[in-house]
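The primary structure of each chain is shown beneath.
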Amino acid sequence: MSSRPCSEDLPLKQKLFAEIERHVRPQTILASNTSVIPITKIMEGLRDRSRALGTHWWNPPYLVPLVEVIGTAVDVATGDRLDHRAA
């Protein structure tokens, strides 16, 4: 087991989301759970940044059924595409 602290890798996340975008439908929302890197920075390489958002989950999820949804600096209109019902 490694005792190395975890860090987020911006270039890797940007490359990953650019690749994902090439393989999903245009209406697919692309989301990342990030604590350090601004979601706008992660998604800046997308062709359509209006489909990007960040999420923060509260733990433990079985006791706290809450997800914070963070938009990017791009004006995002995702409300009509999100299901707001509790799981």
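Just so it is clear, the model here is predicted, and its values are computed rather than measured.

Side note on the pattern of salt bridges
Next up, step 1: Applying the stated criterion to the full structure yields four salt bridges.
Next up, step 2: Here Glu19 and Arg22 are joined by a salt bridge, their closest N and O atoms 2.4 Å apart. Of this pair, Glu19 and Arg22 both sit in helix α1 (residues 10–23), three residues apart, roughly one helical turn.
Next up, step 3: Judged by its relative accessible area of 35%, Glu19 is partly exposed.
Next up, step 4: With a relative accessible area of 51%, Arg22 lands in the exposed category.
Next up, step 5: Among the ionic pairs, Arg47 bridges to Glu21, the shortest N-O distance being 3.8 Å. On the criterion of sequence distance, the pair formed by Arg47 in the loop between α2 (39–42) and β2 (52–57) and Glu21 in helix α1 is long-range, its members being 26 residues apart.
Next up, step 6: Each member of the salt-bridge network shares a partner with another, and the members are Glu21, Arg47 and Arg51.

Focus: the environment of Asn33
Next up, step 1: With respect to the secondary-structure elements, Asn33 resides in the loop between β1 (30–32) and α2.
Next up, step 2: Given a relative accessible area of 46%, Asn33 falls into the partly exposed group.
Next up, step 3: Considered as a pair, Asn33 and Thr55 are 22 residues apart in the sequence and their alpha carbons are 4.9 Å apart.

Some details on the sheet that holds strand β3 (residues 67–70)
Backbone hydrogen bonds hold the strands of a sheet together, and the pairing may be parallel or antiparallel.
Next up, step 1: One open sheet holds the three strands; their spatial order is β1-β2-β3, and the pairing between them is mixed. The strands lining the two open edges of the sheet, one partner per strand, are β1 and β3. Strand-to-strand twist of the sheet, defined as the mean angle between neighbouring strand axes without regard to direction, takes the value 30°.
Next up, step 2: Note: β1 against β2, three bridges, orientation parallel. Each residue of the ladder has a partner; that of Ser32, found in β2, is Gly54.

Quick notes on α1
Owing to its 3.6 residues per turn, the α-helix aligns residues three or four sequence positions apart on the same side.
Next up, step 1: Here α1 spans 20 Å end to end across 14 residues, near enough to the 20 Å set by a 1.5 Å rise per residue.
Next up, step 2: Of the positions making up α1, those classed as buried are Lys13, Phe17, Ala18 and Glu21. The arc that holds every buried residue of α1, seen down its axis, measures 135°, which confines them to one face. Away from its buried face by more than 90 degrees, α1 exposes Pro11, Leu12, Lys15, Arg22 and His23.

Calculation rules
Each chain carries its own residue numbering, running from 1 in the written order of its sequence. Two thresholds apply to this predicted model, a pLDDT of at least 70 for residue-level local features and 80 or more for giving and counting side-chain atom pairs, whereas whole-chain, interface and lining totals are computed over all residues. Side-chain metrics in this entry use all non-hydrogen atoms of the structure; hydrogen atoms and water are not considered. Throughout this description, the term salt bridge denotes a Lys or Arg side-chain nitrogen within 4 Å of a carboxyl oxygen of Asp or Glu. Strands are runs of DSSP state E lasting at least 2 residues, helices are runs of H or I lasting at least 4, and numbering of each runs from the N terminus. Accessible area is worked out with a 1.4 Å probe on protein chains only. A residue is then buried under 20% of its type maximum, exposed over 50%, and partly exposed in between. What makes two strands pair is DSSP finding at least two bridges between them. In this analysis, axes come from line fits to C-alpha atoms, helices being fitted only over the stretch in contact, and the angle between any two N-to-C directions falls in the range 0 to 180 degrees. The span expected for a helix works out to 1.5 Å for each residue beyond the first. As used here, the arc belongs to the directions running from the helix axis to the C-beta atoms.

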